[in-house]
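Remarks on the overall topology
Each chain, written out:
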Amino acid sequence: MPSANRHDLFAAARPLRAAAATDGPPADLTAKALEIHRRLCPVYGCPIPYFHSLDPLSELVSSLLSHRTRNADSGRAFKALRARFPDWADLLAAPVEAIEETIRGVTWPELKAPRIQAVLRAVEARHGGLSLDFLGEMTVDAARAWLEAIPGIGPKTSAAVLSFSVLRMAALPVDSHHHRVAQRLGLIGPKMDVGPSHPILRSQLPADWSAQDLYDNHEILMLHGQQVCHHRKPACCRCVLVDLCPSAQVAYREP
Ligand code: SF4
(Lines give C-alpha, C1' and ligand atoms only; values in the text may rest on other atoms or scores of the structure.)
Protein backbone atom coordinates (compact mmCIF):
# COMPACT_ATOMS: atom_id res chain seq x y z
CA MET A 1 0.00 0.00 0.00
CA PRO A 2 1.41 3.41 -0.87
CA SER A 3 2.54 5.46 2.12
CA ALA A 4 0.43 8.53 2.87
CA ASN A 5 1.63 11.88 4.12
CA ARG A 6 -0.04 12.54 7.49
CA HIS A 7 -0.38 16.28 6.84
CA ASP A 8 -2.11 15.60 3.51
CA LEU A 9 -4.55 13.23 5.16
CA PHE A 10 -5.66 15.83 7.69
CA ALA A 11 -5.98 18.44 4.94
CA ALA A 12 -8.16 16.06 2.92
CA ALA A 13 -10.47 15.61 5.91
CA ARG A 14 -11.09 19.34 6.51
CA PRO A 15 -14.05 19.77 4.10
CA LEU A 16 -15.70 16.78 5.73
CA ARG A 17 -15.38 18.33 9.19
CA ALA A 18 -16.77 21.63 7.94
CA ALA A 19 -19.82 19.84 6.56
CA ALA A 20 -20.26 17.90 9.78
CA ALA A 21 -20.57 21.11 11.77
CA THR A 22 -23.71 22.19 9.94
CA ASP A 23 -25.30 18.92 8.84
CA GLY A 24 -27.25 16.37 10.84
CA PRO A 25 -26.05 12.85 11.49
CA PRO A 26 -27.31 11.23 8.23
CA ALA A 27 -25.61 13.85 6.04
CA ASP A 28 -22.50 13.59 8.19
CA LEU A 29 -22.33 9.84 7.71
CA THR A 30 -22.98 10.16 3.98
CA ALA A 31 -20.11 12.64 3.70
CA LYS A 32 -17.89 10.35 5.73
CA ALA A 33 -18.78 7.27 3.66
CA LEU A 34 -17.98 9.18 0.46
CA GLU A 35 -14.67 10.45 1.86
CA ILE A 36 -13.70 6.91 2.86
CA HIS A 37 -14.53 5.71 -0.65
CA ARG A 38 -12.59 8.58 -2.21
CA ARG A 39 -9.47 7.80 -0.20
CA LEU A 40 -9.51 4.00 -0.48
CA CYS A 41 -10.22 3.84 -4.22
CA PRO A 42 -6.71 4.88 -5.32
CA VAL A 43 -5.15 2.61 -2.68
CA TYR A 44 -6.87 -0.54 -3.96
CA GLY A 45 -7.24 0.42 -7.63
CA CYS A 46 -10.85 1.19 -8.56
CA PRO A 47 -12.47 0.12 -10.77
CA ILE A 48 -11.81 -3.33 -9.36
CA PRO A 49 -12.24 -6.24 -11.81
CA TYR A 50 -15.05 -8.67 -11.00
CA PHE A 51 -13.69 -11.99 -9.74
CA HIS A 52 -16.63 -14.11 -11.02
CA SER A 53 -18.65 -14.34 -14.20
CA LEU A 54 -21.13 -16.96 -13.06
CA ASP A 55 -24.83 -17.15 -13.84
CA PRO A 56 -26.88 -16.08 -10.77
CA LEU A 57 -27.91 -19.59 -9.70
CA SER A 58 -24.29 -20.77 -9.78
CA GLU A 59 -23.29 -17.63 -7.87
CA LEU A 60 -25.91 -18.54 -5.26
CA VAL A 61 -24.41 -22.02 -4.82
CA SER A 62 -20.92 -20.49 -4.64
CA SER A 63 -22.07 -17.99 -2.03
CA LEU A 64 -23.70 -20.68 0.12
CA LEU A 65 -20.42 -22.62 0.06
CA SER A 66 -18.36 -19.59 1.04
CA HIS A 67 -19.88 -18.89 4.47
CA ARG A 68 -17.11 -18.89 7.12
CA THR A 69 -14.76 -20.57 4.61
CA ARG A 70 -11.54 -19.38 2.97
CA ASN A 71 -12.02 -18.31 -0.65
CA ALA A 72 -9.56 -20.92 -1.92
CA ASP A 73 -11.42 -23.75 -0.16
CA SER A 74 -14.89 -22.68 -1.28
CA GLY A 75 -13.57 -22.16 -4.84
CA ARG A 76 -12.20 -25.71 -4.88
CA ALA A 77 -15.47 -27.10 -3.53
CA PHE A 78 -17.47 -25.23 -6.17
CA LYS A 79 -15.28 -26.64 -8.96
CA ALA A 80 -15.62 -30.15 -7.53
CA LEU A 81 -19.42 -29.77 -7.42
CA ARG A 82 -19.51 -28.62 -11.04
CA ALA A 83 -17.31 -31.51 -12.13
CA ARG A 84 -19.42 -34.11 -10.34
CA PHE A 85 -22.82 -32.52 -11.08
CA PRO A 86 -22.51 -30.66 -14.41
CA ASP A 87 -26.18 -29.67 -14.21
CA TRP A 88 -27.73 -28.29 -10.99
CA ALA A 89 -30.64 -30.72 -11.59
CA ASP A 90 -28.12 -33.56 -11.14
CA LEU A 91 -27.13 -32.11 -7.78
CA LEU A 92 -30.77 -31.81 -6.75
CA ALA A 93 -31.37 -35.48 -7.55
CA ALA A 94 -28.18 -36.74 -5.87
CA PRO A 95 -28.01 -38.31 -2.39
CA VAL A 96 -27.09 -35.61 0.12
CA GLU A 97 -24.12 -37.72 1.27
CA ALA A 98 -22.58 -37.43 -2.21
CA ILE A 99 -22.79 -33.64 -2.03
CA GLU A 100 -21.39 -33.56 1.48
CA GLU A 101 -18.45 -35.70 0.38
CA THR A 102 -17.78 -33.44 -2.62
CA ILE A 103 -17.69 -30.25 -0.53
CA ARG A 104 -15.85 -31.66 2.48
CA GLY A 105 -13.15 -28.95 2.15
CA VAL A 106 -15.54 -26.19 3.32
CA THR A 107 -16.70 -25.41 6.84
CA TRP A 108 -19.78 -27.39 7.95
CA PRO A 109 -20.27 -29.56 4.82
CA GLU A 110 -22.91 -31.58 6.70
CA LEU A 111 -25.06 -28.42 7.00
CA LYS A 112 -24.25 -26.86 3.64
CA ALA A 113 -25.03 -29.96 1.53
CA PRO A 114 -28.70 -30.23 2.61
CA ARG A 115 -29.05 -26.44 2.59
CA ILE A 116 -27.88 -26.16 -1.01
CA GLN A 117 -30.36 -28.84 -2.05
CA ALA A 118 -33.17 -27.15 -0.11
CA VAL A 119 -32.42 -23.77 -1.69
CA LEU A 120 -32.32 -25.24 -5.20
CA ARG A 121 -35.59 -27.06 -4.50
CA ALA A 122 -37.17 -23.78 -3.36
CA VAL A 123 -35.95 -21.95 -6.48
CA GLU A 124 -37.43 -24.67 -8.69
CA ALA A 125 -40.73 -24.68 -6.79
CA ARG A 126 -41.16 -20.88 -6.81
CA HIS A 127 -39.86 -20.13 -10.30
CA GLY A 128 -40.70 -23.36 -12.11
CA GLY A 129 -37.11 -24.03 -13.16
CA LEU A 130 -33.51 -24.07 -12.03
CA SER A 131 -32.50 -20.59 -13.11
CA LEU A 132 -32.32 -17.14 -11.55
CA ASP A 133 -31.72 -15.27 -14.79
CA PHE A 134 -35.19 -13.71 -14.49
CA LEU A 135 -33.97 -11.61 -11.51
CA GLY A 136 -32.21 -9.36 -14.02
CA GLU A 137 -35.63 -8.08 -15.13
CA MET A 138 -36.53 -6.96 -11.60
CA THR A 139 -35.49 -3.97 -9.51
CA VAL A 140 -32.67 -4.61 -7.04
CA ASP A 141 -35.05 -4.36 -4.07
CA ALA A 142 -37.57 -6.76 -5.62
CA ALA A 143 -34.87 -9.25 -6.63
CA ARG A 144 -33.38 -9.17 -3.12
CA ALA A 145 -36.79 -9.68 -1.55
CA TRP A 146 -37.46 -12.64 -3.88
CA LEU A 147 -34.21 -14.30 -2.85
CA GLU A 148 -34.51 -13.52 0.85
CA ALA A 149 -37.95 -15.13 0.99
CA ILE A 150 -36.12 -18.47 0.62
CA PRO A 151 -35.03 -19.89 4.00
CA GLY A 152 -31.25 -19.87 4.26
CA ILE A 153 -30.74 -16.77 2.09
CA GLY A 154 -29.92 -13.54 3.95
CA PRO A 155 -28.97 -10.01 2.84
CA LYS A 156 -25.31 -10.85 2.25
CA THR A 157 -26.11 -13.77 -0.04
CA SER A 158 -28.84 -11.95 -1.95
CA ALA A 159 -26.55 -8.96 -2.56
CA ALA A 160 -23.67 -11.24 -3.60
CA VAL A 161 -25.87 -13.06 -6.15
CA LEU A 162 -26.99 -9.79 -7.73
CA SER A 163 -23.62 -8.02 -7.61
CA PHE A 164 -21.05 -10.76 -8.29
CA SER A 165 -22.96 -12.77 -10.93
CA VAL A 166 -23.22 -11.80 -14.59
CA LEU A 167 -26.36 -9.86 -13.66
CA ARG A 168 -24.01 -7.12 -12.34
CA MET A 169 -26.83 -5.39 -10.45
CA ALA A 170 -26.33 -2.44 -8.09
CA ALA A 171 -26.41 -4.23 -4.72
CA LEU A 172 -23.98 -3.79 -1.82
CA PRO A 173 -22.81 -6.99 -0.10
CA VAL A 174 -21.27 -6.64 3.39
CA ASP A 175 -18.90 -9.38 4.50
CA SER A 176 -17.23 -9.72 7.91
CA HIS A 177 -14.19 -7.57 6.94
CA HIS A 178 -16.36 -4.83 5.44
CA HIS A 179 -18.60 -4.95 8.53
CA ARG A 180 -15.66 -4.69 10.98
CA VAL A 181 -14.09 -1.72 9.18
CA ALA A 182 -17.46 0.08 8.94
CA GLN A 183 -17.99 -0.46 12.65
CA ARG A 184 -14.54 0.83 13.64
CA LEU A 185 -15.03 3.88 11.44
CA GLY A 186 -18.36 4.63 13.12
CA LEU A 187 -20.48 4.18 9.97
CA ILE A 188 -22.60 1.70 11.93
CA GLY A 189 -23.08 1.17 15.64
CA PRO A 190 -20.88 -1.18 17.66
CA LYS A 191 -23.70 -3.66 18.25
CA MET A 192 -25.17 -3.76 14.74
CA ASP A 193 -24.99 -7.20 13.12
CA VAL A 194 -23.97 -7.84 9.53
CA GLY A 195 -27.54 -8.44 8.30
CA PRO A 196 -29.11 -5.14 9.44
CA SER A 197 -25.98 -3.22 8.38
CA HIS A 198 -26.76 -3.84 4.70
CA PRO A 199 -29.53 -1.23 4.22
CA ILE A 200 -27.75 1.27 6.52
CA LEU A 201 -24.44 1.16 4.64
CA ARG A 202 -26.24 1.20 1.28
CA SER A 203 -28.26 4.27 2.33
CA GLN A 204 -25.04 6.21 3.05
CA LEU A 205 -24.00 5.93 -0.61
CA PRO A 206 -25.61 7.76 -3.55
CA ALA A 207 -28.84 6.16 -4.78
CA ASP A 208 -27.72 6.45 -8.40
CA TRP A 209 -24.36 4.70 -7.98
CA SER A 210 -23.69 2.03 -10.59
CA ALA A 211 -23.15 -1.67 -9.91
CA GLN A 212 -19.40 -1.10 -10.38
CA ASP A 213 -19.39 1.77 -7.84
CA LEU A 214 -21.09 -0.35 -5.19
CA TYR A 215 -18.93 -3.37 -5.99
CA ASP A 216 -15.85 -1.16 -5.61
CA ASN A 217 -17.13 0.16 -2.27
CA HIS A 218 -17.58 -3.37 -0.95
CA GLU A 219 -14.23 -4.55 -2.28
CA ILE A 220 -12.18 -1.64 -0.97
CA LEU A 221 -13.64 -1.92 2.54
CA MET A 222 -13.15 -5.69 2.47
CA LEU A 223 -9.55 -5.35 1.21
CA HIS A 224 -8.85 -2.69 3.83
CA GLY A 225 -10.07 -5.11 6.50
CA GLN A 226 -7.88 -7.89 5.12
CA GLN A 227 -4.74 -5.84 4.56
CA VAL A 228 -4.74 -3.00 7.11
CA CYS A 229 -7.65 -3.00 9.57
CA HIS A 230 -6.94 -6.53 10.77
CA HIS A 231 -9.28 -8.30 13.14
CA ARG A 232 -6.77 -8.62 15.99
CA LYS A 233 -4.24 -5.88 15.40
CA PRO A 234 -5.27 -3.06 13.05
CA ALA A 235 -2.29 -1.35 11.40
CA CYS A 236 -3.47 2.21 12.14
CA CYS A 237 0.09 3.46 11.55
CA ARG A 238 -0.36 2.93 7.79
CA CYS A 239 -4.09 3.62 7.46
CA VAL A 240 -5.20 6.47 5.20
CA LEU A 241 -8.38 6.83 7.27
CA VAL A 242 -6.76 7.40 10.64
CA ASP A 243 -8.03 10.97 11.09
CA LEU A 244 -11.60 9.87 10.33
CA CYS A 245 -11.59 6.90 12.65
CA PRO A 246 -12.85 6.98 16.25
CA SER A 247 -11.23 3.57 16.81
CA ALA A 248 -7.74 4.58 15.66
CA GLN A 249 -5.02 3.71 18.12
CA VAL A 250 -4.36 6.80 20.24
CA ALA A 251 -0.75 7.17 19.08
CA TYR A 252 -1.91 7.82 15.51
CA ARG A 253 -4.73 10.27 16.19
CA GLU A 254 -4.43 13.96 15.33
CA PRO A 255 -3.15 15.89 18.38
S1 SF4 B 1 -7.47 3.86 11.79
FE2 SF4 B 1 -7.07 1.77 12.53
S3 SF4 B 1 -9.04 1.03 13.36
FE4 SF4 B 1 -9.48 2.82 12.04
S5 SF4 B 1 -9.92 1.99 9.98
FE6 SF4 B 1 -7.73 2.47 10.03
S7 SF4 B 1 -6.72 0.56 10.66
FE8 SF4 B 1 -8.92 0.36 11.18
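Residues numbered from 1 in each chain as written. Predicted model: local features only at pLDDT ≥ 70, side-chain atom pairs only at ≥ 80, totals over all residues.

Naming follows an unreviewed UniProt entry, where the protein chain appears as Ultraviolet N-glycosylase/AP lyase of Methylobacterium cerastii. Of the protein chain, the UniProt comment under Sequence similarities (unreviewed entry) reads exactly: "Belongs to the Nth/MutY family." Quoted verbatim from the Cofactor (unreviewed entry) field of UniProt, the annotation for the protein chain is "[4Fe-4S] cluster". (UniProt positions renumbered as here; feature names shortened; annotations may be inferred.)

This part covers the overall build of the protein chain. The secondary structure content of the protein chain amounts to twelve helices and zero strands. Secondary structure of the protein chain in N-to-C order comes out as α-α-α-α-α-α-α-α-α-α-α-α. The burial tally for the protein chain puts 36% of its 255 residues in the buried class. Within the protein chain, counting contacts between residues at least 6 apart in sequence, those at least 24 apart form 63% of the total. (Helix = DSSP H or I, 4+ residues; strand = E, 2+ residues; numbered from the N terminus. Buried ≥ 20, exposed ≤ 12 C-beta atoms within 10 Å, placed from the backbone. Contact = placed C-beta atoms within 7 Å.)

Take the packing of helix α3 (residues 56-66) against helix α9 (residues 155-164) next. Across the interface, α3 lies against α9 with an axial gap of 9 Å and an inter-helix angle of 135°. Our classification of the angle between α3 and α9 gives oblique. With respect to the hand of their crossing, α3 and α9 are arranged in right-handed fashion. Contacts from Pro-56, Glu-59, Leu-60, Ser-63 and Leu-64 of α3 reach α9 at Thr-157, Ala-160, Val-161 and Phe-164. (Axes fitted to C-alpha atoms, helices over the stretch in contact; angles between N-to-C directions. Parallel < 35°, antiparallel > 145°, perpendicular 65-115°, else oblique. Left-handed = near helix turned anticlockwise from the far one by under 90°.)

Below, the discussion takes up helix α7 (residues 109-127). Helix length check: α7, at 19 residues, gives a terminal C-alpha distance of 26 Å against a target of 27 Å (1.5 Å per residue), a fit within 8%. If you check which residues of α7 are buried, you get Lys-112, Ala-113, Ile-116, Val-119, Leu-120 and Val-123. With its buried residues spanning 135° around the axis, α7 presents them on a single face. Counted as exposed and oriented over 90 degrees from the buried face of α7: Glu-110, Ala-125 and Arg-126. Buried positions along α7 lie against α3, α5 (88-93) and α6 (96-102). A positive backbone phi angle near 90° is found at Gly-128, which sits one or two residues after α7. (Expected span 1.5 Å × (residues − 1). Arc of directions from axis to C-beta.)

Counting residues in each nonpolar core, the largest one holds 59 residues, and the members touching the most others are Val-61, Leu-162, Ala-171, Leu-185 and Leu-241. When we break this core down by domain, the ones giving at least three residues each are domain 1 (6-48 + 173-252) and domain 2 (56-164). Residues contacting Ala-171, with those up to four places away along its chain left out, are Val-140, Arg-144, Ala-159, Leu-162, Ser-163 and Leu-214. (Core = buried A, V, L, I, M, F, W, Y, C linked by C-beta atoms within 7 Å. Domains from an automatic or database assignment.)

To continue, consider helix α8 (residues 140-148). Residues of α8 that are buried include every one of Val-140, Ala-143, Arg-144 and Leu-147, and no others. In a view along the axis of α8, the buried residues occupy a sector of 100°, so they form one face of it. Turned more than 90 degrees away from the buried face of α8 sit Asp-141, Ala-142 and Ala-145, all of them exposed.

We now examine the packing of α8 against α9. The N-to-C vectors of α8 and α9 enclose an angle of 125°; their axes lie 9 Å apart at closest approach. Taken as axis vectors, α8 and α9 run oblique relative to one another. You can see that α8 and α9 cross each other, and the crossing is right-handed. Side by side, α8 and α9 meet where Val-140, Ala-143, Arg-144, Leu-147 and Glu-148 of the first sit next to Pro-155, Ser-158, Ala-159, Val-161 and Leu-162 of the second.

Let us now look at the environment of Leu-244. Here Leu-244 is to be found in the segment after α12 (211-227). Each C-alpha atom, one on Leu-244 and one on Gly-186, is 9.0 Å from the other, the two residues being 58 residues apart in sequence.

To continue, consider the confidence of the model for the protein chain. Per-residue confidence for the protein chain gives a mean pLDDT of 90, with 88% of residues at or over 70. With pLDDT under 50 throughout, residues 1-25 is counted as low confidence; its partners more than four residues away or in other chains account for 24 contacts. (pLDDT = per-residue confidence, 0-100.)

When you line up the elements, Arg-38 lands in helix α2 (residues 25-44). Taking the C-alpha atoms as reference points, Arg-38 and Asn-217, separated by 179 residues in sequence, lie 9.6 Å from one another.

Cis geometry marks the peptide bond from Cys-46 to Pro-47; its omega dihedral reads 0°. With respect to the element layout, Pro-47 can be found in the loop between α2 and α3. Not every positive phi belongs to a glycine, and Trp-108 is a case in point at roughly 50°. Take Trp-108: it is sitting in the loop between α6 and α7. The partly exposed category is assigned to Trp-108, around which 13 C-beta atoms lie within 10 Å. Positioned with a positive phi, Arg-168 is a non-glycine residue whose angle comes to about 45°.

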